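Read off the chains here:
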Amino acid sequence: MRFLLLLLVPLVAPLLVDGQEDYCFGKDSDRPQTAQFASKTAYQIVKSSNIDKQYLVPGCEAKKMWVFHRHGTRLPKSGTIKKASRLIELRDQIVKNYREAKTKPDTNALCTEDLIAIQLWKGNSSITPDMDEFLTSQGYDDLRGTAKLYQRYYPTVLPKDYNDTYYQFRHTDTQRTTESFKAFAEGLFGTGNAAHPVDIPKDDLLLRPYDYCQSYKELNYKGEGSEYHKYTQSALWNSTLADISTRLGYLYTLDQADILLMYDTCRYEQAWQVDRTSVWCGAFLPEQVTVFEYAEDLKYYYGSGYGFEEDTARLNCRLVQDMLTHLSNPVSPHVIAHFGHTTGLQTLITALGVRKDDIKLRADNYNSLTNRRWKTSILGPFAANFVAVKYDCPAALDKEKAVFFLNQDAVQLDWCSVGLCNWSEVLQRYKTLADANCDEYFCRSGASSLAGGALSSLLASFLLAAVVYLMH
Ligand SMILES: *[C@@H]1O[C@H](CO)[C@@H](O)[C@H](O)[C@H]1NC(C)=O
Ligand SMILES: *[C@@H]1O[C@H](CO)[C@@H](O)[C@H](O)[C@H]1NC(C)=O
Ligand SMILES: *[C@@H]1O[C@H](CO)[C@@H](O)[C@H](O)[C@H]1NC(C)=O
Ligand SMILES: *[C@@H]1O[C@H](CO)[C@@H](O)[C@H](O)[C@H]1NC(C)=O
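Residues numbered from 1 in each chain as written. Chains lettered and ligands numbered in written order. Predicted model: local features only at pLDDT ≥ 70, side-chain atom pairs only at ≥ 80, totals over all residues.

Things to note about the overall build of the chain
Note the threshold: Going along the chain from the N terminus, every DSSP run of H or I of four or more residues is numbered as a helix, and every run of E of two or more is numbered as a strand. Partly exposed residues are those falling between the two cut-offs: more than 12 but fewer than 20 other C-beta atoms within 10 Å of their own, whereas 20 or more means buried and 12 or fewer means exposed, with C-beta atoms placed from the backbone. A pair of residues counts as a contact when their C-beta atoms, built from backbone coordinates, are within 7 Å of each other.
What the chain contains, in helices and strands, is 21 helices and seven strands. Burial analysis of the chain (472 residues in total) assigns 42% to the buried set. Sequence separation of 24 or more characterises 80% of the internal contacts of the chain that already satisfy a separation of 6 or more.

Written as structure tokens, this is what we have:
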């Protein structure tokens, strides 16, 4: 009997190895990696359903709402749109590797289904470079959907009749946020509604303070010496690029730019059509996507999160004040909704101390931070939204309360009780920001952008001149 088994092993083993190790994206019904695409994750995949159990607060009535909403799913920047021809070259090379050069690897090869899908891939020729970062139809649906959802939970706070005293909308000066506002209004009031946004000032310090702050722009979040840069020079990163190249039948390691182009295309296509399969996602194993996700998280952690908290948490002085002032005041507007960008959202959560890890994210602690709170896939996907709901609780000792939702999940702050916060405590916790003079507080090395920048570069050249003078 044992002899027979031993005889069979060599016959069966290769089949088992094949069957077990060739991951097949096209056949995977779970596709966990699609929930790990960082800021290009589809909202539908990561949104929470917890709000269902959290929106009703016994003894309290929802009165007001304040929203900061990232735009929905968009097209790539024109630079990436222009690279469609490179993708076609890569597609043809991969097929040639497998079919002609026969360089299919022994393990972790593309399954036949994924290979055929890549072979049949065609770009979308109606996406042209002039459509730089435009909202897609899925992106429109994203915002129409969140509006309808919040209206279903809070019908009295979000009435179906538009009233421009009651509602106040504002968006940044881009196509994708303008369209996102329209989609949100359509979700609330139906088509052909009269909803209109407030005027956008020339310097939009409320929704895009980061564009006017020189010292913020100078933070090194991804250049040489940054944790992101160190991570993308690490052995883990290098072996990931090498493994992906081998998987695609290359006998050398592809340029990082080529691999990231395929990765971006996978993420975009998956978000454009959530219920379909993006062909390019088949190029990567789930664990390789996890390696990429950490790089993205590092970039955002230092670019707009807790990495440089001293700076990033101060940027949104005006936005935090806007929220506190509106929600404290019993008069209209009762609903304030802002439509902005991922940097705005991430720096807002940072200012509020939401999803902060005890340990800083670094290039070398990927392995120990797999359960980190700072996951941009979860906190900042397309159409990510931060919603503060103010409640009146007549019978309670503290009559004013609030719940903060991030992507439909109540934010758990340790000074609130399972997501329910006393408003007096909210004001206390954010007192520094609430009391600050944002013109001075906002950008420490020079209050306003250009003046500050010019002054510091003038100072720098003066210092340089002095040093050069002293050296002689
Ligand atoms: C191609 O892109 C355009 C613009 O985003 C979109 O309207 C259209 O549905 C896309 N076509 C396909 C086949 O995905
Ligand atoms: C609009 O809302 C405000 C505040 O709730 C209310 O006082 C006013 O009567 C409303 N106007 C109309 C036309 O419904
Ligand atoms: C990873 O690759 C880069 C670029 O090829 C190289 O500079 C770096 O030294 C490599 N890192 C390691 C740990 O081998
Ligand atoms: C909210 O305020 C009430 C009354 O002052 C207090 O009993 C309760 O502990 C507070 N809740 C939290 C989470 O601090």
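Here we look at the packing of helix 5 (residues 84-99) against helix 12 (residues 256-272)
We count it as follows: To obtain each axis, a line is fitted to C-alpha atoms, and for helices this fit is confined to the stretch in contact; angles are then taken between N-to-C directions over 0 to 180 degrees. Each angle receives one of four descriptions, namely roughly parallel if under 35 degrees, roughly antiparallel if over 145, roughly perpendicular if within 65 to 115, and oblique otherwise. The classification used treats Ala, Val, Leu, Ile, Met, Phe, Trp, Tyr, Cys and Pro as nonpolar, Asp, Glu, Lys and Arg as charged, and all other residues, Gly among them, as polar.
Axis separation between helix 5 and helix 12 bottoms out at 11 Å; the angle between their running directions is 100 degrees. For the element pair helix 5 / helix 12, the angle class is roughly perpendicular. Along the contact surface, helix 5 presents Arg-86, Leu-87 and Leu-90, while helix 12 presents Asp-258, Leu-261, Met-262 and Thr-265. Of the residues in the contact of helix 5 with helix 12, the class split is four nonpolar, one polar and two charged.

A few points about the site of ligand 2
Rule in force here: Each residue gets a C-beta atom placed from its backbone. If that atom is within 6 Å of a molecule or strand, the residue is near it.
Ligand 2 sits among Asn-163, Thr-165, Tyr-166 and Ser-332. For the shell around ligand 2, the residue count by class is one nonpolar, three polar and no charged.

Quick word on the pairing of strand 5 (residues 400-406)
For clarity, the cut-off: For two strands to be treated as a pair, DSSP must find no fewer than two bridges joining them.
Burial runs high along strand 5: seven of the seven residues are buried. Pairing of strand 4 (residues 385-392) with strand 5 involves seven bridges; the strand directions are antiparallel. Bridging from a neighbouring strand, Val-387 pairs with Phe-405 of strand 5. Relative to strand 7 (residues 420-422), strand 5 runs antiparallel, the two being bridged by three bridges. Within strand 7, the residue paired with Ala-402 across the bridge is Cys-421. Following strand 5, the chain reverses through two residues before pairing antiparallel with strand 6 (residues 409-410); Asn-407 in that reversal takes a positive phi of roughly 50 degrees.

Here's the deal with the site of ligand 4
Contacts to ligand 4 come from Leu-397, Asp-398, Cys-416, Ser-417, Asn-422 and Glu-425. Class assignment for the residues of the shell around ligand 4 results in two nonpolar, two polar and two charged.

Quick word on the pairing of strand 1 (residues 61-70)
With respect to burial, strand 1 is a largely interior element, eight of its ten residues being buried. Here strand 1 runs beside strand 4; their pairing, made up of eight bridges, is antiparallel. Note that in strand 4 the partner of Val-67 across the bridge is Val-387.

Observations regarding the nonpolar core
Burial of nonpolar side chains together is a common tendency in soluble globular proteins. Counted only if it meets this: Only buried residues count toward a nonpolar core: Ala, Val, Leu, Ile, Met, Phe, Trp, Tyr and Cys, linked into one set through C-beta atoms within 7 Å.
Counting 73 residues, the largest nonpolar core has Ala-402 and Phe-404 as the members making the most contacts within it. Per element, the largest residue contribution to this core is six residues, and it comes from helix 8 (residues 175-189). What Ala-402 contacts, discounting residues up to four positions off in sequence, is Leu-327, Ala-388, Val-389, Lys-390, Tyr-391, Cys-421, Trp-423 and Val-426. Of all hydrophobic cores here, the second largest spans 35 residues; its members include Ile-118, Tyr-228, Met-262 and Tyr-302.

Quick look at helix 5
Residues that lie three or four places apart on an α-helix share one face, since the helix turns once every 3.6 residues. Note the threshold: Expected helix span is taken as 1.5 Å per residue step, with the number of steps being one fewer than the number of residues.
A rise of 1.5 Å per residue sets the reference length of helix 5, with its 16 residues, at 22 Å; its end C-alpha atoms lie 23 Å apart and thus fit the reference within 8%. Lining the buried residues of helix 5 we find helix 6 (112-119) and helix 12.

Observations concerning the packing of helix 7 (residues 137-153) against helix 8
Our working definition: Helix crossings fall into two classes, left-handed where the near helix is turned counterclockwise from the far one by less than a right angle and right-handed where it is turned clockwise.
Closest axis-to-axis distance for the helix 7/helix 8 pair is 7 Å, and the angle between their directions is 40 degrees. What the angle tells us is that helix 7 and helix 8 run oblique. Here helix 7 and helix 8 pass one another in a crossing that is right-handed. Taken together, the residues of helix 8 that come into contact with helix 7 (itself represented by Gly-139, Tyr-140, Leu-143, Arg-144, Gly-145, Ala-147, Lys-148 and Gln-151) are Arg-176, Glu-179, Ser-180, Ala-183, Phe-184, Glu-186, Gly-187 and Leu-188.

Re helix 11 (residues 235-247)
Keep this limit in mind: By definition, the arc is the one covered by directions from the helix axis to the C-beta atoms.
With 13 residues, helix 11 should cover 18 Å at 1.5 Å per step; its first-to-last C-alpha distance of 18 Å lies within 8% of that length. Buried residues of helix 11: Thr-240, Ile-244, Thr-246 and Arg-247, and no others. Buried residues of helix 11, seen end-on, are gathered within an arc of 160 degrees and therefore sit on one face of the element. Residues of helix 11 that are buried in the fold lie against helix 12 and helix 13 (286-304).

A closer look at the environment of Pro-76
Note on placement: Pro-76 falls in the loop between strand 1 and helix 4 (78-81). Sequence-wise, Pro-76 and Met-131 are 55 residues apart; in three dimensions their C-alpha atoms are separated by 8.4 Å. In contact with Pro-76, other than residues within four places in its own chain, are Ile-81, Asp-264 and Tyr-268.

A short note on unusual backbone geometry
Following Ser-332, the chain continues into Pro-333 via a peptide bond in cis, with omega recorded as 5 degrees. Relative to the helices and strands, Pro-333 is located in the loop between helix 15 (317-328) and strand 3 (335-340). One non-glycine residue with positive phi stands out, namely Ala-38, at about 50 degrees. For Ala-38, the location among the structural elements is in the loop between helix 1 (2-21) and helix 2 (43-46). Ala-38 gets classed as buried once you count the C-beta atoms within 10 Å, which come to 23. Residues other than glycine seldom take positive phi values, yet Val-418 does so here, at roughly 35 degrees. Along the chain, the position of Val-418 falls in the loop between strand 6 and strand 7. A count of 8 C-beta atoms within 10 Å places Val-418 in the exposed class.

Comments concerning the confidence of the model for the chain
Which entries qualify depends on this criterion: Residue-level confidence of the predictor is what pLDDT reports, using numbers from 0 through 100.
When pLDDT is averaged across the chain, the result is 91; 89% of the residues are at 70 or more. Below a pLDDT of 50 lies the segment residues 1-19, which in the model reaches zero contacts outside its immediate sequence neighbourhood of four places, other chains included.

Section: the environment of Leu-352
Position of Leu-352 among the secondary structure elements: in helix 16 (residues 342-352). Taking the number of C-beta atoms within 10 Å as the measure of exposure, Leu-352 has 24 and is therefore buried. For the pair formed by Leu-352 and Asn-316, sequence separation is 36 residues and the distance between their alpha carbons is 9.6 Å.

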